[in-house]
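What follows is the residue order along each chain.
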Amino acid sequence: MIKTDVAPTLAGGPTLIPTDMPTTNRPMNMGQSMDDNTSRLDGVAKITGAAKYSSDMLLPNAVFARFVRCPFGAANLETVDDSAARKVPGVIDIEITPKACTYNGQPVGHVVAESPVAVNRALKALKLNWKKDSVKTSIRDTKQVGLLKGNAPDADVTIRAVYSTPVQTHSSLETHGGVVDHKGDKATVYASTQGTFSVRDGFGDALSLKGSDFEVVCEYVGGGFGSKLGGPGKELMLAAKLSQKLKRPAYVMCNRAEEHLDTGNRPSSVTSVWLSLKKDGSVVGGEVMTYGGVGVANGGGGCNVPSGRYTFANVNKSHEDVSFNAGGPRAFRAPGRPQGAFAEELMLDEAAAELGMDPLALKRKLAIDDVYREMLDQGAKLIGWGERKANGSQTSVMRTGFGVGIAGWGSASPGGNAEVVIHPDGSVESRTGTQDIGTGQRTTMGICTADAIGIPLSMVTVQIGRSSLPPGPGSGGSVTSPTTAPTMMNAATQARTKLFEVLARQGGDNAADFTVKDGVVLKRGEKFLSWKDACAKLPADGVMGSASTGDGGKGNSQGVQFVKVVVDCETGIIYPKHVIAIQSCGRVICRKTAESQIIGGVIQGLSYGMFENRILDRNVGAMVNPNLEWYKILGPCEMPHIEPVLWAHGQTGVKALGEPPTIPTAGALACAVFNAIGAPVRHLPLTPDKVLSALEGARS
Amino acid sequence: MGFATSQSSMNHQSTQSSATLNGTIAIRFTLNGREVEIAVDPTERLLDTLRYRLNLPGSKEGCGEGECGACTVTIDDLPANSCLVPTFQVRGCNVRTIESIPTSSLQPMLETGATQCGACTPGVVVTANWIKEHSSVLASHTLRALMAGNLCRCTGYDGIIDGLEKWIGNPKGGRP
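Rules used throughout
- Residues numbered from 1 in each chain as written.
- Chains lettered and ligands numbered in written order.
- Predicted model: local features only at pLDDT ≥ 70, side-chain atom pairs only at ≥ 80, totals over all residues.
- Heavy atoms only, no water.
- Helix = DSSP H or I, 4+ residues; strand = E, 2+ residues; numbered from the N terminus.
- Buried < 20%, exposed > 50% of the residue type's maximum accessible area, 1.4 Å probe, protein only.
- Contact = heavy atoms within 4.5 Å.
- Areas by Shrake-Rupley, 256 points an atom, 1.4 Å probe, with all protein chains shown as cover.
- Rg over C-alpha atoms; globule rule 2.2 N^0.38 Å.
- Lys, Arg positive; Asp, Glu negative; His and termini not counted.
- Charge placed at Lys NZ, Arg CZ, Asp CG, Glu CD.
- Patch = residues over 30% accessible without salt bridge, like charges linked within 9 Å, V, L, I, M, F, W, Y side chains within 5 Å.
- Salt bridge = Lys/Arg side-chain N within 4 Å of Asp/Glu carboxyl O.
- Phe/Tyr/Trp six-rings, centres within 6.5 Å; stacked < 30°, edge-to-face > 60°.
- Lys NZ or Arg CZ within 6 Å of the ring centre and 35° of its normal.
- Pairing = 2+ DSSP bridges.
- Core = buried A, V, L, I, M, F, W, Y, C linked by side-chain atoms within 4.5 Å.
- Buried area = accessible area lost by both parts, 1.4 Å probe.
- Nonpolar A, V, L, I, M, F, W, Y, C, P; charged D, E, K, R; others polar.
- Axes fitted to C-alpha atoms, helices over the stretch in contact; angles between N-to-C directions.

Along its length, chain B carries five helices and five strands. The buried share of chain B, reckoned over its 176 residues, is 57%. Partitioning the intrachain contacts of chain B with sequence separation of at least 6 by distance along the chain shows that 54% fall at a separation of at least 24. When the accessible area of chain B is evaluated, it comes to approximately 7,000 Å², of which 50% is carbon and sulfur surface.

Here you go:
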């Protein structure tokens, strides 16, 4: 256990921060949110298995379907023999169109049957004759990326390097897809989506119904991380087609292999850079050339370096997306940022080593504002940066390293709508169609309503995740809470005002005479009625407040992360020990869900830094690890002690939280490994083979 | 089945005939304390039988190959990935799913934030409940090591381990 006697300056915090503190008792964060103690409103449903996800909508008489997919990176489907497959008991239909495919996992048709067993057996019984073609499987198959030439004439130090990051797949535990139940003149769509309303609007004519004649439902979503944005996707489009044709509910969910191959990813990147600095650490010139590996897509491979979080003078940037035979990218939690931050943070640490500077001092100097500098100072104390040894100075087998990275994110609200109804029995209902992908939308909406009205949260029920509710934003770009929180608070305030107007009319008072505190209605500051008795005076259908917010409301959030690792120099294995994740996100609504988001971002960043890699066979272009066995994600035994620090200094408004905590982690981890072993590992993931070869390079 | 179907998970090229697989196997087993009698296809997975035929969708499919643990159930009092078990193999066994765990005992897991999106959570809770019922294993294993078969993609494992510590009353979670 690491002890620290740092006295935090955060408002309301205690004077001693125990670093080995459990999740339920983070004294540093107490008092930093609107609600420190509430647990998820849907936590019981999730923990007991009662929560119904789209993949759990097992409707009577449903049919099951899956896509038939190309098993190679490039191949022509020449002939199809489905005679054996059609004889499989329970098979309803098979539709396959021979065509040329350009990536592993590309659909060429589908099988639909009475049960999942029959679908799988029919897929196995298909005789498909594929003629393989040559493939390209990486950026480097097309681009020769070498060290860039050039340097600033007045530079004291110039560094040159090439960095790369692999493809990371979203790996949400619930896969893509859903259920369509078409009843002729009406339909219900159970979608696993990050955008209830984009699914509704994205069907076009596919359901042969007006948007008002079908409902999209997604009360629970088993993760998305960006991959479930956009419209219905090919899975729900297939379900829509089959449900209409067969007049039965149609169930289409991807399996894990399909999920890796064809539901998007974080694109790979290669970054070549030269950077010139003066002795004092100021950057006087440079050039950054980045490439994004976008598979069969034509774009979407941006690599955010320089990030704009550090002051770089005269650094030119160019970028090119490179296509090859693989599934294309989709938005993935802070698109383009983690890959850029990896290159940027490690590049700065390499520059600091050349200059003989402490990398923290260099980053502190170059950070664009004082918020970052304050966060860096605070985090350095919490992680124990003073114990950091000079790069490569350790000779023991187990070597300790420290690294730091910074993050930023701006979220522009796309606008949204909300309603709050106060019923005569005193219950209060919050309504917004926006979905909860795990972030805590249901809980934060309840807290906002209760807080705005002045009643206990237990009186509020929250309805979300239905297209029949007031439209809200998609859960992407960290815009959900910044949009829905103020909207819901406005709606709640309006509903409360309407209640006051009813009370005022009945008693000959002014609505402005009333207020509510702790569930008691006060008139001119004196107790007037209990909440329940006051609501009993409402008409039978209660009163409703509704609010909408337009576009805009852009607000930046910032963060810094410190990583402490131990590297075993005999095996090359990295053991992250401790992560300090300081994060601003404006006004925090719910402490526990906010902390959960930060920890989750750090975990995904560490997992990206250490393990995750979509590996394609370079001869046939097939993914060799389309599972969770060889596509490894971080598990409980690899997890360090992660301390989320909610930074609420003078913050107002609700700002972005989903994306920023995953931006700096892999970069900070790479810097920590560099510090421990004295040689940079410039290519993610930081697997033992790369650590050992970097060590060998450092020795020679 | 033999080698004819032992192909990749994509499996498009098999020549497997279904002729020998038309039959079903009638089995009996105990499910959450009740006797169940059901005829199953020999290739039917226990996870699918539970979800699609016995109306118990609490067990989730995360990976379908025994890595993520979202489908964890107990079979004769041992945790198992139900996606890896052909249903006919539980003939005569005692199977328990997430639906059998009393909700009143789960408060600590709720308070520590052991869940985010929730898709991994039922499997986590089944494993956790097994550890609680067999706490002697903590003499030789840390909670973290015992939970290593359950993957979470959203917020990881601190909330789970902390919840378990409170639930079991064992303070040694094995934090690294």
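For the rest of this paragraph, the subject is the overall build of chain A. Across its full length, chain A carries 16 helices and 27 strands. Rg of the C-alpha trace for chain A: 27 Å, near the compact-globule value of 27 Å for 700 residues, within the 12% margin. In terms of overall dimensions, chain A has a C-alpha envelope of 85 × 75 × 45 Å along the principal axes. Taken over 700 residues, chain A has a buried fraction of 62%. Partitioning the intrachain contacts of chain A with sequence separation of at least 6 by distance along the chain shows that 79% fall at a separation of at least 24. Split by element, the accessible area of chain A, about 24,000 Å² in all, is 49% carbon and sulfur. In chain A, 72 positive and 67 negative side-chain charges are present, and the distance between their average locations comes to 2 Å.

Residues and elements named next belong to chain A. Together, Val397, Met398, Ile573 and Tyr575 make up a nonpolar patch on the protein surface, roughly 310 Å² of accessible area in all. As for its position among the elements, Ile573 is in the loop between β24 (552–568) and β25 (574–584). Given a relative accessible area of 33%, Ile573 falls into the partly exposed group.

As a working rule, side chains carrying opposite charge can pair if their charged atoms are close by. Residues and elements named next belong to chain A. Throughout the structure, instances matching the rule amount to 45 salt bridges over all chains. Asp93 is paired through a salt bridge with Lys245; the nearest N and O atoms lie 3.1 Å apart. Placement of the pair is Asp93 in strand β4 (residues 91–96) and Lys245 in helix α6 (residues 233–246), with a sequence separation of 152 residues. A residue is classified by how much of its surface remains accessible, and Asp93, at 17% relative accessible area, is buried. Across the salt bridge formed by Lys228 and Glu174, the nearest N and O atoms sit 3.9 Å from each other.

Right, let's get into the packing of aromatic side chains. In this structure the tally under the stated criterion is eleven aromatic pairs over all chains. Seen from their ring centres, Tyr53 of chain A and Tyr220 of chain A are 5.6 Å apart, and the 50° between their planes marks the pair as tilted. Of the two residues, Tyr53 of chain A sits in the loop between α1 (43–48) and β2 (63–69) while Tyr220 of chain A sits in the loop between β11 (214–217) and α6, which places them 167 residues apart along the sequence. Through successive ring pairs, a cluster of aromatic residues spans Phe64 and Tyr251 of chain A together with Tyr52 of chain B. The ring centre of Phe611 of chain A lies 4.9 Å from the NZ or CZ of Lys632 of chain A, which sits over that ring.

Residues and elements named next belong to chain A. The antiparallel open sheet is built from three strands, whose spatial order is β5-β3-β7. A strand with exactly one partner marks an edge of an open sheet, and here the two such strands are β5 (100–101) and β7 (127–132). Where strand β3 (residues 75–81) and β5 come together, two bridges link them in antiparallel fashion. Bridging across to β5, Ala75 finds its partner in Cys101.

Let's shift gears to the nonpolar core. If you look at the biggest cluster of nonpolar residues, it comprises 134 residues, and the most contacted ones within it are Phe562, Val567 and Ile677 of chain A together with Ile131 of chain B. The dominant element in this core, judged by the number of residues it contributes, is helix α15 (residues 665–677) of chain A, at nine residues. Each residue touching Ile131 of chain B, except ones within four places of it in the same chain, is listed here: Val137, Leu138, Leu143, Leu146, Met147, Leu164 and Ile168 of chain B. In terms of nonpolar packing, the next biggest core, distinct from the first, is built from 37 residues, Cys448, Leu457, Val460 and Cys590 of chain A among them.

In many reports, interface size means the accessible area that the parts give up when they come together. Between chain B and chain A, the contact holds 59 residues from the first and 79 residues from the second. Both faces combined, the contact of chain B with chain A buries some 5,600 Å², and carbon together with sulfur accounts for 59% of it. Between chain B and chain A we count four salt bridges in total. Elements supplying a minimum of two residues to the side of chain B that touches chain A: α1 (46–53), α2 (107–111), α3 (121–133), α4 (143–146) and α5 (158–168) of chain B. Class assignment for the residues of the side of chain B that touches chain A results in 23 nonpolar, 22 polar and 14 charged.

This brings us to the sheet that holds strand β17 (residues 416–422) of chain A. As a general point, the strands of a sheet are linked pairwise by backbone hydrogen bonds and lie either parallel or antiparallel. All names here are of chain A. Read from one edge of the open sheet, four strands run β19-β18-β17-β23, paired in mixed fashion. Whereas interior strands pair on both sides, the edge strands pair on one side only; in this sheet they are β19 (460–463) and β23 (543–549). Going across the sheet, the axis of each strand differs from the next one's by a mean of 15°, ignoring polarity. Alignment of strand β18 (residues 428–431) against β19, held across four bridges, turns out to be parallel. Residue pairing in the sheet places Ser430 in a bridge with Val462 of β19.

On to the environment of Ser584 of chain A. All names here are of chain A. Mapped onto the elements, Ser584 comes out in strand β25. Distance from Ser584 to Leu242, taken between C-alpha atoms, is 47 Å for residues 342 residues apart in sequence. Setting aside its immediate chain neighbours within four residues, Ser584 contacts Met375, Ser557, Gln558, Trp647, Gln651 and Ala656.

Residues and elements named next belong to chain A. Cis peptide bonds are those with omega within 30 degrees of zero, and the linkage from Val305 to Pro306 qualifies with 0°. Mapped onto the elements of the fold, Pro306 is located in the loop between β14 (283–293) and β15 (315–322). Cis geometry is found at the peptide bond from Leu684 to Pro685, where omega equals -10°. Structurally, Pro685 is set in the loop between α15 and α16 (688–699).

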